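# Geometric and topological summary
Next come the chains, spelled out residue by residue.
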Amino acid sequence: MLVLLPPSEGKAEGGKGRPVDLEALSLPELTQARETVLDELVALCGADEEKAREVLGLSEGLRGEVAKNARLRTAPTRPAGEIYTGVLYDALGLATLDPAAKRRAARSLLVFSALWGAVGIKDRIPSYRLSGGVKLPGTGALGRFWRGPLESVLPEAAGGGLVLDLRSSAYANMWKPKGEQARRTATVRVLQSRLVDGVEKRSVVSHFNKATKGRLVRALLEAGAAPKTPAQLAGTLRELGYVVEGDDEPEATALDVVVTEL
C-alpha cells in the first residue's frame, strides 16, 4: 500500500543535520526537477524580498519565510516526518508509533511537495515555505511543472498494490494514477454527522477531515493492514471501528468516513 499525503503549510524549525543532499532523497529520478525548483526559489528569495513575498503569497507577518528560503542550500535538515506539522501530522503521531509501525510508515508514506515533488518521511530536508498553488516566474505553475517528472516515477513506485490518496486538491493535481492503478486508488472524504432538530446533517469540516485522516493512517500502520483494493480498504477500516460508506459498487474508489466528534 502506498499512502499519498499532503504537506503541511507550516513546518517545524531547526534541525542539526547537514544541508540537503538531493540525490539522497527518495525517488532520485526527480533530482534534476528538484534542482530546478530549488535554484529558482533560492535565487528569488535572495534577490528581492518584496517580489518573493508577493510570488509566494506570504503576508507581512511571514516575511521571515523569505529569508529562510534564501538559505535552503545551507540550512540544517531533519527527517521529513518531523518537518511536516499541523493537524494531520499531529493525529498521525509518527514519533509515537511502535517500531514495526514506523517501518511500515517509512515504506508506505509519501508526502507531496511543491519544492521536492514527493519525499519519504525519512528523507532529510530543511524547513521551507512553498505551496502547491505558487507560480514561479521562470518555472511556472508548480502543480503543472511536477506532472511530467512525477508521472515518470510514481507508477512504478506505486506498484501493483492499493494507493490511498489523502492529498488536498493542489497536490492531487501533481500526479493522477491512470488505468488499472486508478482503479486501485482510494480517496477518502470525511463527513461530520450532527443531529439538528432530530435530523441528521452531514458536512465536510476541514479540521475533522485532517485529524481523521491522520488517525486513520495511524490505525492502518499499527494494525499492519495491507488492503489491495478500495473495497478491501473499506472493510479494513470498518474492522478498525470506522463508519465507512460509498463502496456499494464493485468499482467504487471514493469512500466516505463519517464521524460524530473529533
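Before reading further, recall that the structure is shown in the block above.
Since we're looking at a predicted model, the values are computed, not measured.

A few words now on the environment of Gly 10. With respect to the element layout, Gly 10 can be found in the loop between strand S1 (2-5) and helix H1 (31-47). Along the backbone, Gly 10 and Thr 85 are 75 residues apart, and their C-alpha atoms lie at a distance of 6.5 Å. Beyond its immediate chain neighbours, meaning those up to four positions away, Gly 10 contacts Ile 83, Thr 85 and Arg 129.

Within the secondary structure, Lys 11 is located in the loop between S1 and H1. Comment: no salt bridge for buried Lys 11; closest opposite-charge side chain is Glu 9, at 5.8 Å. Within the structure, the side chain of Lys 11 is placed 2.8 Å from the backbone oxygen of Ser 8, a separation counted as a polar contact. A polar side-chain atom of Lys 11 sits 3.0 Å from the main-chain carbonyl oxygen of Glu 9. Those residues in contact with Lys 11 that sit more than four places away from it in its chain are Ile 83, Tyr 84, Thr 85, Ser 127 and Tyr 128.

What is expected of a backbone is that most residues other than glycine have negative phi and most peptide bonds are trans. Phi is positive for Leu 27, close to 55 degrees, though the residue is something other than glycine. Of note, Leu 27 is situated in the loop between S1 and H1. Its relative accessible area of 14% is what places Leu 27 among the buried residues. Here the phi dihedral of Asp 197 falls at roughly 55 degrees; this positive angle occurs in a residue that is not glycine.

Moving on: the pairing of strand S12 (residues 254-259). Within S12, five of the six residues are buried, which leaves it mostly tucked inside the rest of the structure. Note that strand S9 (residues 185-196) and S12 share six bridges and pair parallel. From the neighbouring strand, Arg 189 faces S12, where its bridge partner is Asp 256. Taken together, the three bridges between strand S11 (residues 243-245) and S12 define a ladder with antiparallel strand orientation. The residue of S12 that forms the bridge with Val 243 is Val 258.

Picture a little ball the size of a water molecule; that probe, rolled over the atoms, points out where space is still empty. According to the stated counting rule, one finds one cavity of 30 Å³ or more in the structure shown. Volume-wise, the largest cavity comes out at about 30 Å³. Lining the largest cavity are Glu 9, Leu 56, Leu 58, Arg 129, Leu 130, Ser 131 and Val 134. Residue composition of the lining of the largest cavity, by class: four nonpolar, one polar and two charged.

All right, on to helix H8 (residues 147-158) then. In this model H8 runs 15 Å from its N-terminal to its C-terminal C-alpha over twelve residues, within 8% of the 16 Å that 1.5 Å per residue would give. Inspection of H8 places Leu 150, Val 153, Leu 154 and Ala 158 among the buried residues, and these make up the whole buried set. Seen end-on, H8 carries its buried residues on one side only, within an arc spanning 130 degrees. Counted as exposed and oriented over 90 degrees from the buried face of H8: Ser 152 and Glu 156. Turning to H8, the residues buried within the fold contact S1, strand S3 (109-113), strand S4 (117-120), strand S8 (163-165) and helix H10 (179-183). Phi turns positive one or two residues past the end of H8, at Gly 159, with a value near 65 degrees.

What follows covers the packing of aromatic side chains. Under the criterion given, the structure shown has four aromatic pairs. Relative to Tyr 128, the ring of Tyr 84 lies with its centre 6.4 Å away and its plane at 90 degrees, an arrangement referred to as edge-to-face. On the criterion of sequence distance, the pair formed by Tyr 84 in the loop between helix H4 (80-83) and helix H5 (87-92) and Tyr 128 in the loop between strand S5 (124-125) and strand S6 (135-136) is long-range, its members being 44 residues apart. Here Tyr 84 falls in the buried class, since its relative accessible area comes to 2%.

About the cut-offs
Residues numbered from 1 in each chain as written. Predicted model: local features only at pLDDT ≥ 70, side-chain atom pairs only at ≥ 80, totals over all residues. Heavy atoms only, no water. Helix = DSSP H or I, 4+ residues; strand = E, 2+ residues; numbered from the N terminus. Contact = heavy atoms within 4.5 Å. Buried < 20%, exposed > 50% of the residue type's maximum accessible area, 1.4 Å probe, protein only. Lys, Arg positive; Asp, Glu negative; His and termini not counted. Salt bridge = Lys/Arg side-chain N within 4 Å of Asp/Glu carboxyl O. Polar contact = N/O pair within 3.5 Å; in protein donor to acceptor, adjacent residues only side chain to side chain. Pairing = 2+ DSSP bridges. 1 Å grid on protein atoms, 1.4 Å probe; cavity = no way out; pocket = protein on both sides within 12 Å on 5 of 7 lines; lining within 4 Å. Points joined across faces, edges and corners; volume = space filled by probe spheres on them. Nonpolar A, V, L, I, M, F, W, Y, C, P; charged D, E, K, R; others polar. Expected span 1.5 Å × (residues − 1). Arc of directions from axis to C-beta. Phe/Tyr/Trp six-rings, centres within 6.5 Å; stacked < 30°, edge-to-face > 60°.

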